[in-house]
Amino acid sequence: MSSRLVVLVSGSGTNLQALLDVAADPAYGATVVAVGADRPAIEGLARAERAGLPTFTERVSDHTAREAWDSALAEKIAEYKPDLVVSAGFMKILGPAVLSRFTVVNTHPALLPAFPGAHAVRDALAYGVKVTGCTVHLVDDGVDTGPVIAQTAVPVEDGDDEATLHERIKVVERGLLVEVVGRMAREGWRVSGRTVRLGTTL
Ligand code: GRF
């Protein structure tokens, strides 16, 4: 049976698209069943609609408190009974209502624990590192602090600006996300402290 994925997006949704493309093959082992966002009218939602998928939008500003937004988002996600929630460029910190009910995987455009937060590519450039990359990790209650599942390094090149470096990272990031989510769906995973192992027999 295919694992059910709910994917959360805030922007262009190219990571979502990579999942949609690969999940078209039943052998992948996971299917995107719905796409959620924290803002309307974004390309990520349009991609979902073009794929014929249900979408939902839950805006923080429509709630009196962050906790109420978190609960409403958890309820929306729950409607689709996901086995896994994928935060793919979702630019909000998830709260306890979501995190206590679902396993959430996030993709981040840096080699955590270096450069957490919303400006990882800019921060890496500003620091002057020669190598950065991307991290796929489990989400906990911190900002990009959850246990690392997989990472890939990406070189910083002379003359890079934020856009060129981010684009180089995103090419690698999409491949890593697709690989990790597929393996989690097909093989399962185990967490021991901060160590994540794919495959239940390891
Ligand atoms: C990715 O690099 C993600 O890690 C970061 O924002 C980007 C989202 O890209 N948080 P997209 O919306 O999947 O194209």
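This write-up is about the structure you can find in this document. (Residues numbered from 1 in each chain as written. Predicted model: local features only at pLDDT ≥ 70, side-chain atom pairs only at ≥ 80, totals over all residues. Heavy atoms only, no water.)

## Details of the overall build of the chain
For step 1, the next point in the chain: A tally of helices and strands in the chain yields six helices and nine strands.
For step 2, the next point in the chain: The globule rule puts the C-alpha radius of gyration for 202 residues at 17 Å, and the 16 Å found for the chain is close to it.
For step 3, the next point in the chain: Taken over the C-alpha atoms alone, the chain extends approximately 45 × 45 × 35 Å along its principal axes.
For step 4, the next point in the chain: Of all 202 residues assigned to the chain, the portion counted as buried reaches 48%.
For step 5, the next point in the chain: Sequence-distant contacts in the chain: of pairs separated by 6 or more residues, those separated by 24 or more amount to 60%.
For step 6, the next point in the chain: Each charge sign in the chain was given a centre, from 20 positive and 25 negative side chains, and these centres are 3 Å apart. (Helix = DSSP H or I, 4+ residues; strand = E, 2+ residues; numbered from the N terminus. Rg over C-alpha atoms; globule rule 2.2 N^0.38 Å. Buried < 20%, exposed > 50% of the residue type's maximum accessible area, 1.4 Å probe, protein only. Contact = heavy atoms within 4.5 Å. Lys, Arg positive; Asp, Glu negative; His and termini not counted. Charge placed at Lys NZ, Arg CZ, Asp CG, Glu CD.)

## Focus: helix H2 (residues 43-50)
For step 1, the next point in the chain: Listing the buried residues of H2 in full gives Gly-44, Leu-45, Arg-47 and Ala-48. Each buried residue of H2 sits inside an arc of 155 degrees when the element is viewed along its axis, so together they form one side. Facing away from the buried side of H2 by over 90 degrees, the exposed positions are Glu-49 and Arg-50. (Arc of directions from axis to C-beta.)

## As for the site of the ligand
For step 1, the next point in the chain: Near the ligand there are 13 residues, and of these Ser-12, Thr-14, His-166, Lys-170 and Glu-173 occur at the shortest range.
For step 2, the next point in the chain: Within the backbone of Thr-107, an N or O atom sits 3.2 Å from an oxygen atom of the ligand.
For step 3, the next point in the chain: The side chain of His-166 places a nitrogen or oxygen atom 2.7 Å from an oxygen atom of the ligand.
For step 4, the next point in the chain: Bound to the protein, the ligand loses 90% of the 370 Å² it would expose on its own.
For step 5, the next point in the chain: Elements supplying a minimum of two residues to the shell around the ligand: helix H1 (14-23), strand S5 (104-108) and helix H6 (162-187).
For step 6, the next point in the chain: In terms of residue count, H6 provides more of the shell around the ligand than any other element does, three residues in total.
For step 7, the next point in the chain: Looking at the shell around the ligand residue by residue, the classes come out as two nonpolar, nine polar and two charged. (Near = heavy atom within 4 Å. Polar contact = N/O pair within 3.5 Å; in protein donor to acceptor, adjacent residues only side chain to side chain. Areas by Shrake-Rupley, 256 points an atom, 1.4 Å probe, with all protein chains shown as cover. Nonpolar A, V, L, I, M, F, W, Y, C, P; charged D, E, K, R; others polar.)

## Quick word on the packing of H1 against H6
For step 1, the next point in the chain: Relative orientation of the contacting elements H1 and H6 amounts to 45 degrees, with a least axis distance of 9 Å. The pairing of H1 with H6 is recorded here as oblique in orientation. Considering how the two elements wind past one another, H1 and H6 form a crossing that is right-handed. Where H1 approaches H6, its residues Thr-14, Asn-15, Ala-18, Leu-19 and Val-22 are matched on the opposing element by Lys-170, Glu-173, Arg-174, Leu-177, Val-178 and Val-181.
For step 2, the next point in the chain: Split into classes, the residues belonging to the contact of H1 with H6 amount to six nonpolar, two polar and three charged. (Axes fitted to C-alpha atoms, helices over the stretch in contact; angles between N-to-C directions. Parallel < 35°, antiparallel > 145°, perpendicular 65-115°, else oblique. Left-handed = near helix turned anticlockwise from the far one by under 90°.)

## Notes on helix H5 (residues 120-127)
Note that an α-helix has 3.6 residues per turn; residues three or four places apart therefore point the same way.
For step 1, the next point in the chain: Taken together, the buried positions of H5 are occupied by Ala-120, Val-121 and Ala-124. Burial along H5 is one-sided: seen end-on, the buried residues are contained in an arc of 100 degrees.
For step 2, the next point in the chain: Structurally, H5 contributes buried residues whose contacts are with S5, strand S6 (131-138) and H6.

## As for the pattern of salt bridges
For step 1, the next point in the chain: Within this structure, the stated rule accounts for eleven salt bridges.
For step 2, the next point in the chain: With its nearest N and O atoms 3.0 Å apart, the salt bridge here joins Asp-38 to Arg-39.
For step 3, the next point in the chain: Under the relative-accessibility criterion, Asp-38 is labelled buried at 4%.
For step 4, the next point in the chain: Two residues, Arg-174 and Glu-167, come together in a salt bridge whose shortest N-O distance is 3.7 Å.
For step 5, the next point in the chain: On the basis of relative accessibility, which here comes to 40%, the residue Glu-167 falls in the partly exposed class. (Salt bridge = Lys/Arg side-chain N within 4 Å of Asp/Glu carboxyl O.)

## Quick word on the side chain of Thr-135
For step 1, the next point in the chain: One can find Thr-135 in strand S6.
For step 2, the next point in the chain: Judged by its relative accessible area of 0%, Thr-135 is buried.
For step 3, the next point in the chain: Once you skip the residues sitting within four places of it in the chain, Thr-135 turns out to touch Asn-106, Thr-107, His-108, Ala-110, Leu-111, Leu-112, Val-148, Ala-150 and Gln-151.

## So, the side chain of Asn-15
For step 1, the next point in the chain: Topologically, Asn-15 is positioned in helix H1.
For step 2, the next point in the chain: The exposure class of Asn-15 is buried, given its relative accessible area of 7%.
For step 3, the next point in the chain: Setting aside anything within four residues of it in sequence, one finds Asn-15 in contact with Ala-88, Thr-107, Glu-173, Arg-174 and Leu-177.

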